[in-house]
Amino acid sequence: MQVVDTRYAVETPEGIDLEYIPANFIPRGFAFLIDLLIRIAFIIVIAIAFSIAFPSGANQAFLLIGYFLIDWFYPIFFEIGPRQGTPGKWAMKLKVIHVDGTAVNFSSSFLRNTLRVLDGQPVLFYAVGIFTTLTNNKNQRLGDLAANTVVVYQDPKKRKIADNNLETLIPPASIPRDLLPWIVALDERSDQLSQSRLAELCGLLAPHFSGQSNQFIASQINPMANYIRGQR
Amino acid sequence: MKQQSFEQKYQTNWKEFESAIKDVRSVNSFQFAEQYRAVCQHLAICRRRNYSSSLIDYLQTLAQDGHALLYRKKSINWMALPYFLMIQFPRKLRELQFWLWISTACAMVPALYGFISVLLFPDSIYYFMSPADVSNMESMYALENHIIGEAREAETNLQMFGFYIFNNVGIDFRAYAAGLFFMVGAAFFMALNGLILGAVSAHMINVDLSVTFFPFVIAHGSFELIAMVIAGAAGLYLGKPLFAPGPYTRLYALQLHAKESLSLIYGAAIMTFIAAFIEAFWSAHDLFEWPLKIGVGAVMWVIVIGYLTFSGRGKRQ
């Protein structure tokens, strides 16, 4: 079965595949806007702070240096930090990594952010950058291509911890064995589905539960999944 | 083994690994590598046995974080700075000097053109700058503003320092990035700046302000102008793969060239920083007569050119 998916896999030296999901220009665009607001806030704050601290002309100097640093080094500082991304990216649940999965270092970050000048044409509307991401299967803009980086979604951390005293139900014997993992998968995403959608999907199992309603089958999904996972 | 028992058996190991990731410094690196390999193996087992996707995703997250930590490189290596300055940067510059000369030509030819045309036709300065800008420049260098023996206020110096950092390093970075635009961008930046510099110099001679202008610019000019053409050269070298990728794909050639050109742009940024320092705190002083300033400026040029030509030659250290 052909799968159309934006995921790409990197084979590690340990022999496993790590999968990453690159992000397209829409969440990245939002992240950029959030960063822009944060940057403006920074500049206002340091402008006020410096004009209080140095009431005479010297505050201009620090303001200009601060403006320079924020202009060119704000993203670099955050990308090499522990969060692997600016606050805007963090808010949109993105991070920046090399294509091979390692974290970006200063050189790569410097490169991709300096080339932002080119990607941002015209005038920060990023038409060049957006166009480049569309031509690339990892959604890389020019800066990403040159620095061999990619912006991916962060990994979700939360999961259900297996409890010990759970209800189980042995699945009917007529269910084909290769359907069993899908029952487990359905159980794990059942909280993201609406009731009617869940009932609709359970309708696929109706042949194995002669005569029962879809809602009843939906209530049996969790016990069956527990059994399949090994709860006894 | 069923998924549940598998999870229960290795739950503690995974929790340990998770906390090791959070607090890397507290963990022995061999232990960390062992735990990471174990997690990778568990991930492979889960995939093979088709365990539920939430477990696979969880282990995948652990493995990704472990991979990122295990294989990361030190971000900024401050210890390497002297090596970079004395050896790596000049050597790289000499290696790529072809582009340096091209960049210089892109700047010098328009500069000569601007210089000669303004010398011969004094009014043509207004082709390059507006009358307001011209009179601004003239007042900056006007004789009455530069009484020998008067130093500029320290505060203004600092202010100008900030401005020069903000302005000039920004120009270098932009020239570099513009190089990717089919090399034309960098060439354009060089040409534009060169043209204006040539025109302004000629104009200063025309209005007899050369006595203030040239001593002012000569000292920091060495660092700044050479840094500017280096940034242009880095930009040209960055854009070259678009036309001549050699035996590589364009993308791979771009990545290679980008890594190499980084040395140049770092060096250019540092030189511009130094230039800003000199420009702000030395050039504007009128404490000294102009022959001294010219002399100091000439020495600066000799230093910069000598550094770039000779530093890093000789046996490997």
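A brief look at the structure comes next. (Residues numbered from 1 in each chain as written. Chains lettered and ligands numbered in written order. Predicted model: local features only at pLDDT ≥ 70, side-chain atom pairs only at ≥ 80, totals over all residues. Heavy atoms only, no water.)

Thoughts on the interface of chain B and chain A
Inference 1: Taken together, the 56 residues of chain B in the interface contact 56 residues of chain A.
Inference 2: In total, chain B and chain A occlude about 5,000 Å² of area from one another, counting both sides; carbon and sulfur atoms represent 64% of this.
Inference 3: Where chain B touches chain A, the interface holds nine residue pairs in polar contact (both at pLDDT 80 or more).
Inference 4: At 14 residues, the largest contribution of residues to the side of chain B that touches chain A is made by helix α8 (residues 154-178) of chain B.
Inference 5: For the side of chain B that touches chain A, the class distribution of residues is 29 nonpolar, 17 polar and ten charged. (Contact = heavy atoms within 4.5 Å. Buried area = accessible area lost by both parts, 1.4 Å probe. Polar contact = N/O pair within 3.5 Å; in protein donor to acceptor, adjacent residues only side chain to side chain. Helix = DSSP H or I, 4+ residues; strand = E, 2+ residues; numbered from the N terminus. Nonpolar A, V, L, I, M, F, W, Y, C, P; charged D, E, K, R; others polar.)

A look at the pairing of strand β3 (residues 94-98) of chain A
Residue and element names in this part refer to chain A.
Inference 1: β3 sits mainly inside the fold: five of its five residues count as buried.
Inference 2: Both faces of β3 are covered, namely the face carrying Leu94, Val96 and His98 and the face carrying Lys95 and Ile97.
Inference 3: By the bridge criterion, five bridges tie β3 to strand β4 (residues 149-153) in an arrangement that is antiparallel. Bridge assignment links Val96 to a residue of β4, and that residue is Val151. (Buried < 20%, exposed > 50% of the residue type's maximum accessible area, 1.4 Å probe, protein only. Pairing = 2+ DSSP bridges.)

Some thoughts on the side chain of A:Asp187
Inference 1: Here A:Asp187 is to be found in helix α8 (residues 180-188).
Inference 2: Within the structure, the side chain of A:Asp187 is placed 2.8 Å from the side chain of A:Asn222, a separation counted as a polar contact.

Quick look at the packing of aromatic side chains
Residues and elements named next belong to chain A.
Inference 1: Tallying each qualifying case throughout the model produces 26 aromatic pairs over all chains.
Inference 2: An angle of 65° between the planes, with centres 6.1 Å apart, marks the rings of Phe68 and Phe73 as edge-to-face.
Inference 3: For Phe73, a relative accessible area of 24% puts it in the partly exposed group.
Inference 4: Residues Tyr74 and Phe78 carry aromatic rings whose centres are separated by 5.2 Å and whose planes lie at 70° to one another, so their mutual orientation is edge-to-face. (Phe/Tyr/Trp six-rings, centres within 6.5 Å; stacked < 30°, edge-to-face > 60°.)

Examining helix α12 (residues 290-310) of chain B
Residue and element names in this part refer to chain B.
Inference 1: Here α12 spans 30 Å end to end across 21 residues, near enough to the 30 Å set by a 1.5 Å rise per residue.
Inference 2: Of all the positions in α12, only Lys293, Gly297, Met300, Val304 and Leu308 are classed as buried. Axial view of α12: buried residues confined to an arc of 55°, hence all on one face. Exposed and oriented more than 90 degrees from the buried face of α12 are Val302 and Phe310.
Inference 3: Residue Gly312 follows α12 closely and has a positive phi angle near 90°. (Expected span 1.5 Å × (residues − 1). Arc of directions from axis to C-beta.)

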